[in-house]
Structure formats: C-alpha cells, structure tokens
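# Inside the fold
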Amino acid sequence: MVTKTEKRNHILKSNILTQQQNIRMEQTEKLVSTIVKGIQEKKGQGVSIIDLRGIDGTIASYFVICQGNSPSQVEAIAESVGDTARIDLKEKPTSVVGLGNSQWVAMDYTDVLVHIFLPEARQFYDLDNLWQDAKVTEVPDID
C-alpha cells in the first residue's frame, strides 16, 4: 500500500522533472534563436529550422540548416555562430567538422545540429527533406 507521503514525494519528483525538462527546452529554443542570429550576421541564406522533438529516434531536438555562397562565407558563418552562442549563452559546440573544406560545416550543440552548406552540397545531401514528418520553419533572408 502506498502511503500519502510516498504519493506526495512521487508527485513532487514528477513536477521537478517536468520543470527541468521545460527549462532545458527553453534553453534549447534560445540556442536556436542565437544560432540564427549568428547566421544572419554573416548573411547566411535559406535558413531552415527543423523541429525534430516529435519524432522518435532522432539525434537532436533541432536541425538548423543554411548556406553560404562561397567556402569563405561558409567558414565565416560557422565562426559567427560559434562566437554568438559563446558570447550570448556561454554555449560551445561539442564538435565542429568540415572547416578547411568548407563545403559543409556541421556544428554539434547536442540538442541542436547546425549545418552550413555551399548551395551544391545542400542540394546534393538534401537534409531539408530528410525528416518529412518534422515541422519546418523557413527564416526569411536578410538583405
């Protein structure tokens, strides 16, 4: 038989877990906004935010995908994203791959994966359409 105290403790633990999940999701959403800000500071184009939270088995909560028009712009966007996330939120990626080649740079922020492509590579890999069940938000380009 479950006592009132045990039941109350279970409810309290459940509420604390829910609060922690809500805080983490708010932090993740702030990170996504900050990443978009970093992309826009270097005139990244075609920004797509793919919300993967409702899909089982995904490796992150969000993909943020964009493109630059040259390898140097791709690299500048990646640097801007890294600097903006570090300065605004004290967040650093756990991994960055593709610098040097700069046709596709991937930045792993655990809950958010950032993909910065050259247009040809973006079209070839077509990550925008990989998760057809996901909610996609297109961010207008800044002139």
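The following refers to the structure shown. Everything numeric here is computed off the predicted structure, so don't read it as measured data.

## Considerations on the packing of aromatic side chains
The final tally for this structure, using the stated rule, is 5 aromatic pairs. Seen in terms of ring centroids, Phe63 and Trp131 are 6.3 Å apart; in terms of plane orientation they differ by 85 degrees. Their pairing is edge-to-face. Linking Phe63 in strand β2 (residues 62-67) with Trp131 in the loop between α3 (119-125) and β6 (135-139), this pair joins segments that are 68 residues apart in sequence. With 4.6 Å between their ring centres and 45 degrees between their planes, Trp104 and Tyr125 make a pair best called tilted. A residue pair is termed long-range when its members are at least 10 positions apart, and Trp104 in strand β4 (residues 104-108) and Tyr125 in helix α3 qualify at 21 residues. Judged by its relative accessible area of 29%, Trp104 is partly exposed. By relative accessible area, Tyr125 is classed as partly exposed at 43%. An aromatic cluster is built from Trp104, Phe117, Phe124 and Tyr125, whose rings are joined through pairwise contacts.

## Topic: the sheet that holds β6
Spatially, 6 strands are ordered β3-β4-β5-β2-β1-β6 in an open sheet, and the strand pairing comes out mixed. Where the open sheet ends on each side, the last strands, each with one partner, are β3 (95-97) and β6. Adjacent strand axes in the sheet meet at a mean angle of 15 degrees when their direction is disregarded. Examined bridge by bridge, β3 and β4 share 3 bridges and lie antiparallel to one another. From the neighbouring strand, Ser95 faces β4, where its bridge partner is Asp108.

## Comments concerning the pattern of salt bridges
Tallying each qualifying case throughout the model produces 5 salt bridges. Across the salt bridge formed by Arg53 and Glu29, the nearest N and O atoms sit 3.0 Å from each other. Pair noted here: Arg53 is in the loop between β1 (45-51) and β2 and Glu29 is in helix α1 (residues 4-41), with a separation of 24 residues, a long-range link. Relative accessible area serves as the criterion here: at 37%, Arg53 is assigned to the partly exposed category. Note on Glu29: relative accessible area 34%, which makes it partly exposed. For Asp83, the salt bridge is made with Arg86, and the minimal N-O distance between the two is 3.0 Å. You can see Asp83 and its partner Arg86 sitting in helix α2 (residues 71-89), 3 residues apart, about one turn around the helix.

About the thresholds
Residues numbered from 1 in each chain as written. Predicted model: local features only at pLDDT ≥ 70, side-chain atom pairs only at ≥ 80, totals over all residues. Heavy atoms only, no water. Phe/Tyr/Trp six-rings, centres within 6.5 Å; stacked < 30°, edge-to-face > 60°. Helix = DSSP H or I, 4+ residues; strand = E, 2+ residues; numbered from the N terminus. Buried < 20%, exposed > 50% of the residue type's maximum accessible area, 1.4 Å probe, protein only. Pairing = 2+ DSSP bridges. Axes fitted to C-alpha atoms, helices over the stretch in contact; angles between N-to-C directions. Salt bridge = Lys/Arg side-chain N within 4 Å of Asp/Glu carboxyl O.

Any link to function would need more than the numbers given here.
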